[in-house]
Every structure is written in C-alpha cells, then in structure tokens.
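Each chain, written out:
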Amino acid sequence: MIDSLVLAILAPLLGAVAVTLLPSQAPRLGLAAAVLAAAAGLSVTAGVWTNGVLRSELGGWGVPLAIALQADGLSAALLGMSSLVALSVSLYAVGYFKPSADGEPTADDATARHFWPLWLLLWSALNALFLAGDLFNLYVTLELLGLSAAALGALTGSREAVEANLRYLLVGLLGSLIYLLGVALIYTAYGVLDIGLLAEIVTPGPVAATAMALMLGGLMLKAALFPLHFWLPPAHANAPAPVSAALSALVVKAAFYLVLRLWLDLFGPITPLSAANLLGVLGAAAILWGSWRALRAERLKLLAAYSTVAQMGYLFIGFPLIAAAAPGPARDNLIAAVVLLALTHGFAKAGLFLAAGMVKKTAGHDRIDDLGGAAQALPAATFTIGLAGVALIGLPPSGTFVAKWIMLEQSLIMGHWWWVPVIMLGTLLAIGYVFRVLSRAFNREPTPYRFVSDARAEVPALLLGALAAGVLGLAAQPLWTLLLHGVIG
C-alpha cells in the first residue's frame, strides 16, 4: 500500500506525466488526476486529525540520511485548503478552456494543453513543500513551485504576461538562492538539515541570526511582503484566471507557510522581539499600501492582486503578537488565528480571481468602471465577488472576522495597541474597494456581455466563496483541534 504522504505528492506528478503523453485527453486525464490528488491530500489532513503527526522516511534509511516527509496540524491544514482550492481550480479550468463549438482549434485549446501538465506539476511541488521535513528538500520544492508558477503565468503569451512572469521568475530564483545560502550556513554550522533535529541544537548567535535573515529574507521576497511585492500585481493580473487563483491562493501562501514553519520550529525561540516587530511593521505597510492601490485599481484582477499584497500583511502582523505572548492559551490562539486567516484568504482570493475570470471571459474585459449590468448578466460571479468580499473585509461569520477579533483582543490585552488602528484602517479600505466593485456591478447602465458563463466555472467559484465567507468561520473550532497536533498546546 502506498503511504498517504507519498500519494499526495505522487498523484498529481503522475497526472502531469499522463497529460504530457496524451495531450489530446488532457482535460479528462487532468481532472481525474485532480480528483485523486485532492482525495490524497484530504486523506492526509484526516489522518493527522485522527492519529496525530504523520511521518514517513523514504528509502528505508533513518534521519539524517533519509528523505523525511511529515504532516502535523499546520501542514495538514494548509494541505487540506490547497487540495480544495486546487480541485476547484481544476474544475473551473475545464469550463474556462472549453473547446470551440465548431470544433476548430482555438487559442484556448493550445493553452489548455500546456496548462494541465504545468498545473499538476505545481500541485505536486506544493504538496511536497507542505510535507518536506528538511531544509534542503524545502528548497527543491520551492524551486519547482516557482518555475511551474512562472510558466503558468505566461501561458497567454501576451507581451504583458511574458514580461511580468519573466520578472516573477527572476525574483523567484533570487529568493530561492538567498534561502539556499541560509541553508548552507546552517548545514556548515550544525551538520544536519532535518527540522526536528535542528530544533534541538540550534542556539542563539551570529550563525543562527545570519541564517535566519537569509532564509526569511528569501521567503519574504517570494511571499511578496512589502516592499518586495513589486512583481506580484502584474504577474497575477495578466495570468489566465485559473492560474491567477492558484498563484494568489496557494503559491504565495506556500512561502508564508515556510516563514511560519521556520519561525515556530527553529528561529522564534532564539530571535529577539525587535526582529518580529520588523516583520509586523512591514506587514502593516503592506496592509495600507496594498489596500490603497486596490482601492484605486482600474481592473478587477489588478484589484484582486493588490488585495493579496494587503491580506498578506495581516499574516505578518501576527509574528510580533506571537513573539510577545507568553506560552499558553493566548499564544496558541494567536497562532491558530494567523492560520485561520491564511486559510480564509486562500479560499476568498481563489474565488475572487475565478469570478473575475468569468467576468472577463463573458464581457471581454475586467474594467471596474465598465461592469454595469454584471449583477444581471453574471449573478453567480457577482455573488461570488460578494462572498469573497465578506471574507476580505472580515465581516461575520467569516474566518477573517474570528481571526481579526483574536488579534485585536490580544493586541489590547498585551498593550500593543498600535496594531489596532492598522487593522481597522485596512478593514475600512477593504470595505471601500469591495463595495466599489459591487456598486458598479449593480449599475443600471449595462455593459454588453458577449458570452454566457459556463456552469462548470460558476460552481467551483461559488463554493470557494461560500467556504471563505461562512463555512470556515462557523467551523473554526475544528481547526484548533487539528493544530493541537504538533503546533499549539
């Protein structure tokens, strides 16, 4: 029987091979592989839920020689979210890249043939990143993830997309190289790369501080934390809708996951509060700058891209709060709140980008000022934008509301009141850019819509919006239970 951890990586990888060998059957084979990969990922999440931390050492060797795969509450939560988002993106892609009615080859046909192998390779790298148990294999998966993401982003072949994703590729390579320099420093000093072993022997000092600065700096570049976000808006805004959803919901979230993982397991206990405060300050700047640019964006997908910059800022504000909290329930709640915020953003941003793709596909553009009549012509897309907006703003009962409430409460309790106005102002700006889109969509002066939206694209987008706006917030308590396995408590 194949180990569930291995299957989560192997299922999309074999799917990528299958669609490469049989490109004419790419949508069918790709969708079948997506269902299998999602089932494998969710089975790992369920396994951690019921049995605790799962670990597998490949090749019959023990650490530090073996390639170790491990899933605890944190990786299982992100793996479950990514499985649901990736399955929804796959279902959406079948309708988005649909063949022409007359059977003549179209640009969408060619794009779909290239989309599926790259998409499944990205999914495999993402799962491997969540499950890798040592620093070097994290680097390998990070590289595979970045290469496939940049290639996917340039699928349209337009000048803007190619330029944006070439910049994305170069930035990603630079970030990976900086991270690798930190890994090399750690290995030179301690002789091991397994995260569990390193957690027992890493001590404060110049080596650990330099390695932390290099590794977290490289990952912050990949996570598009302000002011290192310059590559993200054009790359996400010019990619096909399914790719934009994956990049925003999953790829940048993978970089953040690594920052949180390294902070909790290795560097947090030996790092001064000033370093955590620096991450918080950059996060605060990201919230304000990203929200302001989203408010002024002319295109829907560009608004969604700048919103990603802002939402990532909330995640980094969690670091100074976690660092300042004493071990116990308050710190555990802050960690869980940050994870809940990341999961909710993943669902919301995927739903928003998929809805934006429906708008652009049917209207022929995504200019916000020209979206009049969208509520009548595209009710499913408009409703999805509204649901995603509930989560991005942080209205109840979304997971964002629960997470922001905990962060605001703990900020006041610990006397770190300066984070409160940042979070509140970011929320007000989010209200502004969400309602700006919805007010145009309900405008009585309609824009002509050329095509009818495909139901295969509407359903997964609506599902993601519902998960973000209500389901995850109402079911937040089970996340705390999942994180009890190796993360909090």
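How each quantity is defined
Residues numbered from 1 in each chain as written. Predicted model: local features only at pLDDT ≥ 70, side-chain atom pairs only at ≥ 80, totals over all residues. Heavy atoms only, no water. Helix = DSSP H or I, 4+ residues; strand = E, 2+ residues; numbered from the N terminus. Expected span 1.5 Å × (residues − 1). Buried < 20%, exposed > 50% of the residue type's maximum accessible area, 1.4 Å probe, protein only. Polar contact = N/O pair within 3.5 Å; in protein donor to acceptor, adjacent residues only side chain to side chain. Salt bridge = Lys/Arg side-chain N within 4 Å of Asp/Glu carboxyl O. Axes fitted to C-alpha atoms, helices over the stretch in contact; angles between N-to-C directions. Parallel < 35°, antiparallel > 145°, perpendicular 65-115°, else oblique. Left-handed = near helix turned anticlockwise from the far one by under 90°. Contact = heavy atoms within 4.5 Å. Nonpolar A, V, L, I, M, F, W, Y, C, P; charged D, E, K, R; others polar. Domains from an automatic or database assignment. Buried area = accessible area lost by both parts, 1.4 Å probe.

Draft legend 1. Here's a closer look at helix 1 (residues 4-21). Relative to the 26 Å expected for 18 residues at 1.5 Å per residue, helix 1 spans 25 Å between its end C-alpha atoms, a close match to the ideal helical length. Those residues of helix 1 that sit buried are L5, A8, I9, A11, P12, G15, A16 and V19. Structurally, the start of helix 1 carries an N-cap: the backbone nitrogen of L5 is 2.7 Å from a side-chain oxygen of D3.

Draft legend 2. Geometry of helix 15 (residues 379-393). With 15 residues, helix 15 should cover 21 Å at 1.5 Å per step; its first-to-last C-alpha distance of 21 Å lies within 8% of that length. With 12 of 15 residues buried, helix 15 is to be regarded as a mostly interior element. Along helix 15, the positions that sit buried rather than exposed are A380, A381, T382, T384, I385, G386, L387, A388, G389, A391, L392 and I393. Positioned one or two residues after helix 15, G394 has a phi angle of 100°, which is positive.

Draft legend 3. Region of the structure containing the pattern of salt bridges. Considering all chains together, one arrives at five salt bridges under this definition. The salt bridge partner of R261 is D265, with a shortest N-O separation of 3.0 Å. Here R261 and its partner D265 are both found in helix 10 (residues 241-267), four residues apart, which amounts to about one turn of the helix. Measuring nitrogen to oxygen at the nearest pair gives 3.2 Å for the salt bridge that ties R440 to D369. With R440 in helix 17 (residues 419-441) and D369 in the loop between helix 13 (329-363) and helix 14 (374-377), the pair connects residues that are 71 residues apart, well separated along the chain.

Draft legend 4. Quick peek at the packing of helix 2 (residues 26-51) against helix 3 (residues 73-96). Look at helix 2 against helix 3: their axes get within 8 Å of each other, and the N-to-C directions meet at 160°. With respect to their mutual orientation, helix 2 and helix 3 come out roughly antiparallel. You can see that helix 2 and helix 3 cross each other, and the crossing is left-handed. Packed against helix 2, whose contacting residues are L31, A34, V35, A38, G41, L42, V44, T45 and V48, the element helix 3 presents G73, A76, L79, G80, S83, L84, L87, S90, L91 and V94 at the interface. Considered class by class, the residues forming the contact of helix 2 with helix 3 number 13 nonpolar, six polar and no charged.

Draft legend 5. Main features of the domain arrangement of the protein chain. Domain annotation of the protein chain identifies domain 1 (1-131), domain 2 (132-271) and domain 3 (272-489). On the side of domain 3, 25 residues touch domain 1, which itself brings 22 residues to the contact. Between domain 1 and domain 3 lies a buried interface of about 2,000 Å² when both sides are counted; carbon and sulfur atoms form 76% of it. Counting the surface domain 1 buries against domain 3, the share from its top three residues, W49, M81 and Y92, is 32%. For the pair domain 1 and domain 3, the interface holds zero salt bridges. Of all elements in the fold, only helix 2 and helix 3 reach the threshold of two or more residues within the side of domain 1 that touches domain 3.

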